[in-house]
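Notes for the structure review
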Amino acid sequence: MLFSVASSLMAQQTFNELEYSPQQTTFTLNAPSSARPVVKLFNAAGDKKPAHTLEMKAVGKDRWQVTVRKDLKGRYYAFNIGGKRGDVRQDTPGVFAKAVGVNGQRGAIIELPPFVEEEARLPQLESPADLIIYELHHRDFSIDPSSALPERVRGKYLALAEPKSIAHLKALGVNAVHILPSFDYASVDETRLDEPQYNWGYDPVNYNVPEGSYSTDPYDPECRIQEFRQMVAALHKAGIRVILDVVYNHTFDIEGSNFHKTYPGYYYRYNADGSPSNGSGCGNETASEKDLMRQFMIESMRWWVDTYHIDGFRVDLMGIHDIETMNQIKAALPEDIFIYGEGWSAGACAYPQKQLAMKANTRQLNGIAAFSDEMRDALRGPFSDDTKGAFLAGLPGNEESIKFGIVGAVDHPQVDMSQVNYSKASWVNDPTQMISYVSCHDDMCLTDRLRASIQDIQEDELIRLDLLAQTAVLTSQGVPFLLSGEEMLRDKKGVHNSYNSPDSINRLDWDNLRRYPHVFGYYANLIALRKAHPAFRMATAERVKDNLRFLPVSQPCLIAWQLNGKAVGDSWDDIIVVLNGNREDACVDIPQGAWTIVLDNGVVRPEGLGSIQDGKAIVKAQSALILKK
Ligand code: CA
């Protein structure tokens, strides 16, 4: 039922390449006026020869169409356009296939299955400040036998629909799952799933179809759609939002891309000499500022929201896209769809820097957030060198960058911007425009980074610092973000860029939950604390400026701040947080009065662990302290 609504919406749109009904099917393609495209119809996915070839007719500028008046359900199709004389014509499912066969080579003509009942939308998100985002790769999360999930669902969408998985996420307390690329990508061969293959999936093929290798049957075009929806439904039922990692900034290559096969040269940016610009570091970059590319991104994200009930997007290398496009996307989606991205590119873009959705330009992006590398690197050390530590290694000089992250990147009179590592000015309008994190799928995970940057680190020290790092993340006014498995002290055996490393590197070892129950417990309790106390997520710059003040401290690697809970409706009148990166205990002078200790040295207990009456708070080495009044 709902699909017919989405379908009639799509009818108004530029990229509705296939409109199916039992009576007729209309194919539409945006292709150059010289293209003379045809549609090839195949009876079966694997057929080499088409059963029919249909010429498309021009129906407007650079637009082609053909209608077949019979029921084509179950058939497969490919577009094929002419290029310059001598070019080889290449088959493509188009740029907006909604269903495909194995490896996404051909479009599939199906009737999208109806929504399942419990897949209803979640209540409107009041503020992104309330999100606790958990970033995962399907295979990392569930491929290992230690997950104790049925073998059939390991590494698949369905793993996230399993009660055991849901119970874990609920116990941890996260309320949004960010899934690494789950659109159809190229680097895993869906015909060889019996062999071990691993990839993060940042090489899009069909942007609007779920990836086949995460389904239980990539040959059945309906299967991946159905199972993706089952996953979303199960997560929604548990109150967990689903955020999709989207990669519009580049394609695997230009020549083989569906963009190029339908409209050669159009969708990319080129240098003055005609060579492709390489802002993505992958040999090409798309041109969001061009009408069709912009419209494609808008319609693609709407498709995921309308058809799969996706709740948010993480935009890969968002700094490659132009600001105007990002704002048009935001405006085209329901208000509570949360969008955040990497506010940088991987190389120089062939577009004016000022007009790109770079981190420094986040204030011009309406409600769209960016990752803060300031706090991340001030905690763990710089991106450029895994062996260098920072605050967690007890090194001075990172305090102002961490404070910048604690206030959620807003303009705050007590943050000395001249001392902040990467930014010399606030780049957000509100703290909800900053993603607060210490690790993600990129780079080393936290335990590996601690081992690489702190010589001879022992396990007890590593755990103390791990908990300290996430305390900074989860008490920041930005939107907190955790890499999956950090809560069970995952490692990647020291591998930094594990994008195609085997499962043995990337997989979560669920037995770690039994080895380190204390780590999981701390994460869960800290998340619960954040959720219970609005003072940790004030959501607006004004509130943060008015109600967060840093306390004076007498030594480096020590940060203390006080939150006015009363002013923001918190059940606690006042809260003090102290982070101590030193290898010795430290003392902070706190305002007089009776303070209750609620978090100390790796233990969280909201009802109280003791009290402080004399204005002197002792915070243990390499740990955090939280007090309430
Ligand atoms: Ca694929």
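One can find the structure itself at the top, above this paragraph.
Anyway, here's the lowdown on the structure attached to this text.

Moving on: the overall build of the protein chain. Along the protein chain, the regular secondary structure elements total 15 helices and 28 strands. For a compact globule of 629 residues, the expected C-alpha radius of gyration is about 25 Å, and the protein chain comes in at 26 Å, within 12% of that figure. The principal-axis extent of the C-alpha atoms belonging to the protein chain is close to 85 × 50 × 45 Å. Counting only residues that meet the buried cut, the protein chain has 63% of its 629 residues in that class. Looking at the protein chain alone, contacts between residues at least 24 apart form 71% of all its contacts between residues at least 6 apart. Here the protein chain has roughly 23100 Å² of accessible surface; of this, 49% comes from carbon and sulfur atoms. Separation of charge centres in the protein chain, based on 65 positive and 81 negative side chains, amounts to 3 Å.

Taken together, the protein ligands of the calcium ion are D184 (OD), Y185 (O), E190 (OE) and E211 (OE), with distances of 2.2 to 2.4 Å. One chain supplies every donor for the calcium ion, spaced along it as D-Y-x4-E-x20-E. Pair noted here: Y185 is in strand β12 (residues 183-185) and E211 is in the loop between β13 (204-210) and α4 (221-237), with a separation of 26 residues, a long-range link. Exposure class is identical for Y185 and E211. Each is buried.

As a further point, take the nonpolar core. Grouped together as the largest cluster of nonpolar side chains are 141 residues, with contacts concentrated most on F228, Y267, F313 and L579. For this core, the element with the highest residue contribution is helix α6 (residues 291-308), accounting for 10 residues. If sequence neighbours within four positions are ignored, F313 has contacts with I243, L244, V246, M301, W304, V305, L333, I337, F338, I339 and Y340. In terms of nonpolar packing, the next biggest core, distinct from the first, is built from 21 residues, L41, Y77, I81 and V100 among them.

Now for the packing of helix α10 (residues 446-453) against helix α11 (residues 459-474). Helix packing geometry: the angle between the two helix axes and the distance between the axes. Contact geometry of α10 with α11 gives a least axis separation of 10 Å together with a crossing angle of 120 degrees. Classified by the angle between their axes, α10 and α11 sit oblique to one another. Crossing geometry of α10 relative to α11 is assigned as right-handed. Of α11, the residues touching α10 (which contributes L446, T447, L450 and R451) are L462, L465, D466, A469 and Q470. In terms of residue class, the contact of α10 with α11 is made up of 5 nonpolar, 2 polar and 2 charged.

The next thing to look at is the packing of aromatic side chains. Aromatic ring pairs are defined here through the distance separating the ring centres and the angle between the ring planes. Scanning the model with the defined rule gives 34 aromatic pairs in all. Each ring, one from F15 and one from F296, has its centre 5.4 Å from the other, and the planes form 80 degrees; the classification is edge-to-face. Highlighted residues: F15 in the loop between α1 (2-11) and β1 (18-20) and F296 in helix α6, separated in sequence by 281 residues. According to the relative accessible area criterion, F296 is buried, its value standing at 0%. Each ring, one from F27 and one from F79, has its centre 6.3 Å from the other, and the planes form 85 degrees; the classification is edge-to-face. On the criterion of sequence distance, the pair formed by F27 in strand β2 (residues 25-30) and F79 in strand β7 (residues 76-80) is long-range, its members being 52 residues apart. This pair shows no difference in class: F27 is buried, exactly as F79 is.

Definitions and cut-offs
- Residues numbered from 1 in each chain as written.
- Predicted model: local features only at pLDDT ≥ 70, side-chain atom pairs only at ≥ 80, totals over all residues.
- Heavy atoms only, no water.
- Helix = DSSP H or I, 4+ residues; strand = E, 2+ residues; numbered from the N terminus.
- Rg over C-alpha atoms; globule rule 2.2 N^0.38 Å.
- Buried < 20%, exposed > 50% of the residue type's maximum accessible area, 1.4 Å probe, protein only.
- Contact = heavy atoms within 4.5 Å.
- Areas by Shrake-Rupley, 256 points an atom, 1.4 Å probe, with all protein chains shown as cover.
- Lys, Arg positive; Asp, Glu negative; His and termini not counted.
- Charge placed at Lys NZ, Arg CZ, Asp CG, Glu CD.
- Donors = N, O, S within 2.8 Å, 3.2 Å for Na, K, Ca; no water.
- Core = buried A, V, L, I, M, F, W, Y, C linked by side-chain atoms within 4.5 Å.
- Axes fitted to C-alpha atoms, helices over the stretch in contact; angles between N-to-C directions.
- Parallel < 35°, antiparallel > 145°, perpendicular 65-115°, else oblique.
- Left-handed = near helix turned anticlockwise from the far one by under 90°.
- Nonpolar A, V, L, I, M, F, W, Y, C, P; charged D, E, K, R; others polar.
- Phe/Tyr/Trp six-rings, centres within 6.5 Å; stacked < 30°, edge-to-face > 60°.

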